[in-house]
Amino acid sequence: SVIVELEVPTATQLTASIYPNPFRGEAHLGYTTVQPATIQITLFDARGREVETLYEGWQPAGSHTLRLPAALASGVYYVRVRQDQHTVTASAIRVD
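Residues numbered from 1 in each chain as written. Predicted model: local features only at pLDDT ≥ 70, side-chain atom pairs only at ≥ 80, totals over all residues. Heavy atoms only, no water.

Here's the deal with the sheet that holds strand β3 (residues 37-45)
Taken in spatial order, the four strands line up as β4-β3-β6-β7 in an open sheet, and their pairing is antiparallel. Pairing within the sheet leaves two strands with one partner each, and these edge strands are β4 (50-59) and β7 (86-94). Neighbour-to-neighbour, the strand axes of this sheet turn through a mean angle of 15 degrees, independent of strand direction. Relative to β7, strand β6 (residues 75-83) runs antiparallel, the two sharing nine bridges. Opposite Tyr-77, over in β7, you have Ala-92 as the bridge partner. (Pairing = 2+ DSSP bridges. Helix = DSSP H or I, 4+ residues; strand = E, 2+ residues; numbered from the N terminus. Axes fitted to C-alpha atoms, helices over the stretch in contact; angles between N-to-C directions.)

As C-alpha cells, then:
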C-alpha cells in the first residue's frame, strides 16, 4: 500500500519571503495571509536587535508586498511577520 501525506493549508497559514536575495539597493518582502488580521512586521539585524517596525495594522486576506528600507548597511537582516499567535521569519543579505 502507498501512504500519501498532504499538507492542507489552515486558516492561520502565514508565509513570507524577501526578494531579490541577496540584494543591492532595493528589496521587497512578499507575504500572504489567508484571513484578515492585524499584522506586525519588524526588521532585525544579525544580532537580533530591532532596527525598525516596518508595518503595524489591519490587513485583508491575500498577498501583500512591502519595500524594505533602502538605507540599510551591508549585512544579514531578519524580517518577522506576526499575525495573532502566528509568526514567520524571512532572512536577507544586503551587499554593496
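Still more to cover.
Considering the nonpolar core
Grouped together as the largest cluster of nonpolar side chains are 18 residues, with contacts concentrated most on Ile-18, Leu-29, Ile-41, Val-79 and Val-81. Residue assignment for this core shows that the elements contributing at least two residues are β1 (14-19), β2 (28-33), β3, β6 and β7. Look past the residues within four positions of Ile-41 in its chain and what remains in contact with it is Leu-29, Tyr-31, Glu-52, Thr-53, Leu-54, Tyr-55, Leu-66, Val-79, Arg-80 and Val-81. (Core = buried A, V, L, I, M, F, W, Y, C linked by side-chain atoms within 4.5 Å. Buried < 20%, exposed > 50% of the residue type's maximum accessible area, 1.4 Å probe, protein only. Contact = heavy atoms within 4.5 Å.)

Comments concerning unusual backbone geometry
Pro-20 follows Tyr-19 through a cis peptide bond whose omega is -15 degrees. With an omega dihedral of 0 degrees, the bond running from Asn-21 to Pro-22 counts as a cis peptide bond. Counting through the fold element by element, Pro-22 comes out in the loop between β1 and β2. Its identity as a non-glycine residue notwithstanding, Asp-84 has a phi of 55 degrees, on the positive side. Assignment of secondary structure puts Asp-84 in the loop between β6 and β7. On the basis of relative accessible area, Asp-84 is assigned to the partly exposed category, the value being 45%.

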